Amino acid sequence: MRILKFGGTSVGSAESIRSVLGIVKESHECGENPVVVLSAMGGVTNLLTQLAVEAADGKNFTEGLKEIEARHFSVVKQLLAVKYQNPVFTRLKIYFNELEDLLQGIFNLRELSLQSKDLILSYGERCSAFLVSKIAEQEFPQARFVDATQLIRTDSHFGSAHVNQLLSEQLIQAFMVSNRDKLLFVTGFIAANERGRVTTLGRGGSDYTAAIIGAAVGADAIEIWTDVDGMLTADPRIVKKAFSLPVLSYTEAMELSYFGAKVIYPPTMIPAFLKKIPIVIRNTFNPSFAGTVIQHESGRTSLPIKGISSISDISVINLTGSGMVGKAGFSGRLFTLLAREQINVVLITQSSSEHSITFAVHPAEAVRAKTLIENEFELELQANKLLEPEIEDHLSIVAIVGENMKQTPGMSGRLFHALGRNGINVRAIAQGSSEYNISVIIAKSDLSKALNAVHDAFFAQLNKTLHVFNVGTGNIGSTLFQQIQDQYGFLLDHNDIEIKVVGISNSRKMLLDAGGIALQDWKEQLQQHGEQADLETFVGRMKRMNLPNCVFIDNTASSQPIIYYEDIFRANISIVTCNKIANSGRYSQYKSLKDTARQHGVDFFYETNVGAGLPIVRVLRDLMLSGDRIVRIEAILSGTISYIFNNFNGEASFHDVVKTAQQLGYTEPDPRDDLKGTDFMRKMLILARDAGHVIEPEDVKLGGILPDACIHAASVDDFYRELEAANDYFNELKSDAIQCNKVLRYIGKLEDGQVSIALEMVDQAHPFFALSGSDNIISFTTERYKERPLVVKGPGAGAEVTAAGVFADLVNVGA
């Protein structure tokens, strides 16, 4: 025998009741004769509660009552043949008349007792179960409506009555023997005391009814049919990647349920737990899905944890003072007081010094708990042995749960790394000796980010999602978006990384969407739905969205974004930038940015500051991290200057080579911006700083390429005229190099803490001799690479390679 329990959403409409009866039919066709336990129609219990309160307040309740009646009558008309409708309408009408009389009595007395409230609420289950049983009779003549007040006996604790298990089992077993051939539709949630007065079983009462009946008859399984695909790894409303768990142990399910997983309520499992009856969570609206089996043992699994649960709103009370140290019975006195006053303590943690106790309660009970403590410990407070109890509000609890945690080292480390990496401060920690659960208290505003970050950290088979906020949509930004789009599937399949662009801004428009911006038409979205760009607003919203694994990408050449870098780091958001300004300004700014990123455990990646897509910054960092010592760095880090001197040979004049470079797009509109070497200087400055040297821009010895007349020309046209006039000067340089079997190269050097950039002649033995095109090249001479320097060479400019460098930095965030 199986017990099938259907919740309010499962019987909330004619369509859902059809699904319920389809499930019952399938079970019946398999040769089973299940017991069906039914909740009230979805929303009816809340509405009945509201009507009872309104009647006690002297307010009109008739409209709400008519609404409930209309819902039930509508289902009768849709699902019951006309010839069967009248008896059902009559019985339902009797129920609603009784209900109206009860509400009228409460209205007249202006008083609502718990006993009266239980009786009123019972009509929700009675109407629902009676209605469904009569619809089922059309196909199953043996269907019978059963009022659970005949079967389940409780005490008189109205509102949440305690079940007399022994007597209830006897009544259920006797009833089942006399109705073994019937298809029973039983009211959930309600019972009766020894005097026959209606009681209710409290939260999760219909599940409890199913468990009580299942335990009494020794059912093979108790199936809880609801509107979700079993128990999930996290709340799917917050964690979109949450997935269903095939198996849980009773202990795991209780832990998850206690900390907020609302699929089942822990006490409802106890009868099944004691009889070792499996509980199966199924989805009425997806009956082909197997759901979650909750059983005595969860069996072997590769998952490090089973789920992440949470309580979204909690208050913490901190009690501190020397009067607790070594004081036997202090904790007992405190928690006995709270238990006596019916204050539920959700979590407790105490320092090993016994100097403080922290415990969590529901916010509605925090002030009362504080007052009770102040009264109970009045003498200790007056003697300054205890400090005034402190209440902290707007907090949440996050708990990771799983039996595997006991055998798996590093669980707490992984949890705290995920939280710390995302800037989530832990206010209190609790872990039982069973190691089934680690719970932490955090700020309520961080709950969504914490759940997503922890979920990503523990379920390695899922993808890590990087939430990207990008400023700058020029050549590099646009190319980056195309590269992300092209590589999206590969990253998912081979690297378990999902990149979700959630913010885009340029100098005109900005667009933010936590759900992600589709990159195939980002330009149209930005144009149509974007608002006026404001960088301060953009950064502020990014911080308030508080998403996990956030990355701010600066694809501009503007000084404006730099102002916000430190603020972004303090919000525990990593930065990837191709903007050289931040790292090539004053050393104090460079150091402050690096220190702030390190202090907040986030990444600051700027590979493209030096060599576009070439791995230069990363190579230097790895050399130094591995203990190598930099002896000398030589580099050509300007694609423009590289092209010019690589092609300044034969009969070509320097003027013509520069002109061609401009026509090919290698130079700025004014070639002097490149030929002055300022950009090259910035790159060498960044390398020197990354190599550990404290150096300012003015410390770099920047040798010139151009004569003064060229530099000071009034316009670009004048510049070219002066450049042509200087042909003899450049031809002489070229001639001297040729005579020595050398070539001209504009080389930056870092040696003995000094940076210089100058035009030099190099021979065939030098690694820069054979440089061609617009390639960049860098040579690292170190203690390990002393005889043969480590050389990195390749394209050092262009949107494609620069965007690729930004992309590479992005996918390495958090790695």
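In this text, all values refer to a predicted model and were calculated from it rather than measured experimentally.

Conventions and cut-offs
Think of each chain on its own: its residues are numbered from 1, step by step along the sequence as written. Totals for whole chains, interfaces and linings use all residues, but because this is a predicted model, local features are given only for residues with pLDDT of at least 70 and pairs of side-chain atoms are given and counted only at 80 or more. As a rule here, side-chain values come from all non-hydrogen atoms in the structure, and water together with hydrogens is ignored. We count a stretch as a helix when DSSP gives it H or I for four or more residues in a row; a strand needs E for two or more, and each element gets its number in order from the N terminus. Summary of the burial criterion: residues with accessible area below 20% of their type's maximum are buried, those above 50% are exposed, and those between are partly exposed, where the area comes from a 1.4 Å probe applied to protein chains only. Throughout this description, a polar contact denotes any pair of N or O atoms lying within 3.5 Å of each other; where both atoms belong to protein, one of them has to be capable of donating a hydrogen while the other can accept it, and for residues adjacent in sequence the pair is counted only when both atoms sit in side chains. Any two residues whose heavy atoms approach within 4.5 Å are treated as being in contact. In these notes, a set of buried Ala, Val, Leu, Ile, Met, Phe, Trp, Tyr and Cys residues joined through side-chain atoms within 4.5 Å is what counts as a nonpolar core. Pairing between strands is defined by DSSP: at least two bridges between them are needed. Between N-to-C directions, angles span 0 to 180 degrees; the directions come from axes that are lines fitted to C-alpha atoms, helices contributing only their stretch in contact. When describing relative orientation, an angle under 35 degrees is termed roughly parallel and one over 145 degrees roughly antiparallel, while 65 to 115 degrees is termed roughly perpendicular and anything else oblique. Note on convention: the crossing is left-handed when the near helix lies turned anticlockwise from the far helix by less than a right angle, right-handed when the turn is clockwise. Each residue is assigned to one of three groups, with Ala, Val, Leu, Ile, Met, Phe, Trp, Tyr, Cys and Pro labelled nonpolar, Asp, Glu, Lys and Arg labelled charged, and all others, Gly among them, labelled polar.

Participant: Could you clarify how one ought to interpret the side chain of Lys683 in this entry?
Facilitator: Inspection of the secondary structure puts Lys683 in helix 26 (residues 678–690). For Lys683, a relative accessible area of 7% gives the class buried. A distance of 2.8 Å separates a polar side-chain atom of Lys683 from the backbone oxygen of Leu637. Excluding anything up to four places from it in sequence, Lys683 contacts Lys580, Asn609, Val610 and Leu637.

Participant: Even after reading the chapter, I still don't get the nonpolar core, so can you show me in this structure?
Facilitator: In this structure, Leu92 and Ile294 are the most contacted members of the largest nonpolar core, which totals 114 residues. The biggest single contributor to this core is helix 5 (residues 114–137), with 10 residues. Beyond its immediate stretch of four places on either side in the chain, Leu92 contacts His72, Phe73, Val76, Cys127, Phe130 and Leu131. In this structure, Met542, Tyr564, Leu687 and Phe780 belong to the second largest nonpolar core, which totals 77 residues.

Participant: When you look at the sheet that holds strand 1 (residues 2–6) in this model, what are you seeing that I'm missing?
Facilitator: Within a beta sheet, neighbouring strands are joined by backbone hydrogen bonds and run either parallel or antiparallel to one another. In space, the 8 strands of this open sheet follow the order 3-4-2-1-7-9-10-8, with mixed pairing throughout. The sheet terminates laterally at strand 3 (143–146) and strand 8 (247–249), the two strands that pair on one side only. Each neighbouring strand pair of the sheet contributes to a mean axis angle of 20°, computed without reference to strand direction. By the bridge criterion, 4 bridges tie strand 1 to strand 2 (residues 35–38) in an arrangement that is parallel. By the bridge assignment, Ile3 is partnered in strand 2 with Val35. Strand contacts of helix 7 (residues 205–217): strand 1, strand 2, strand 4 (183–187) and strand 7 (221–226), with the helix running at about 175° to strand 1, the strand carrying the most contacts.

Participant: Even after reading the chapter, I still don't get the packing of helix 15 (residues 475–495) against helix 30 (residues 799–811), so can you show me in this structure?
Facilitator: Axes are the key here: two packed helices are described by the angle between their axes and the distance separating the axes. In contact at an axis separation of 8 Å, helix 15 and helix 30 are set at 55° when each is read in the N-to-C sense. Taken together, the axes of helix 15 and helix 30 lie oblique to each other. In the crossing of helix 15 with helix 30, the sense of the turn from one axis to the other is right-handed. Packed against helix 15, whose contacting residues are Asn475, Ile476, Thr479, Leu480, Gln483, Ile484, Gln487 and Leu491, the element helix 30 presents Ala799, Glu800, Thr802, Ala803, Ala804, Val806, Phe807, Leu810 and Val811 at the interface. For the contact of helix 15 with helix 30, the per-class residue count stands at 11 nonpolar, 5 polar and 1 charged.

Participant: Sorry, what's going on with the sheet that holds strand 27 (residues 754–762) here?
Facilitator: An order of 25-27-26-24-28-29 is seen for the 6 strands of this open sheet, with the pairing classed as mixed. Each edge of the sheet is formed by a strand with only one pairing partner; in this case those strands are strand 25 (701–702) and strand 29 (790–795). Summarising the sheet, strand 26 (residues 743–751) and strand 27 pair through 9 bridges and their orientation is antiparallel. Looking across to strand 27, one finds that Leu750 is bridged to Val755.

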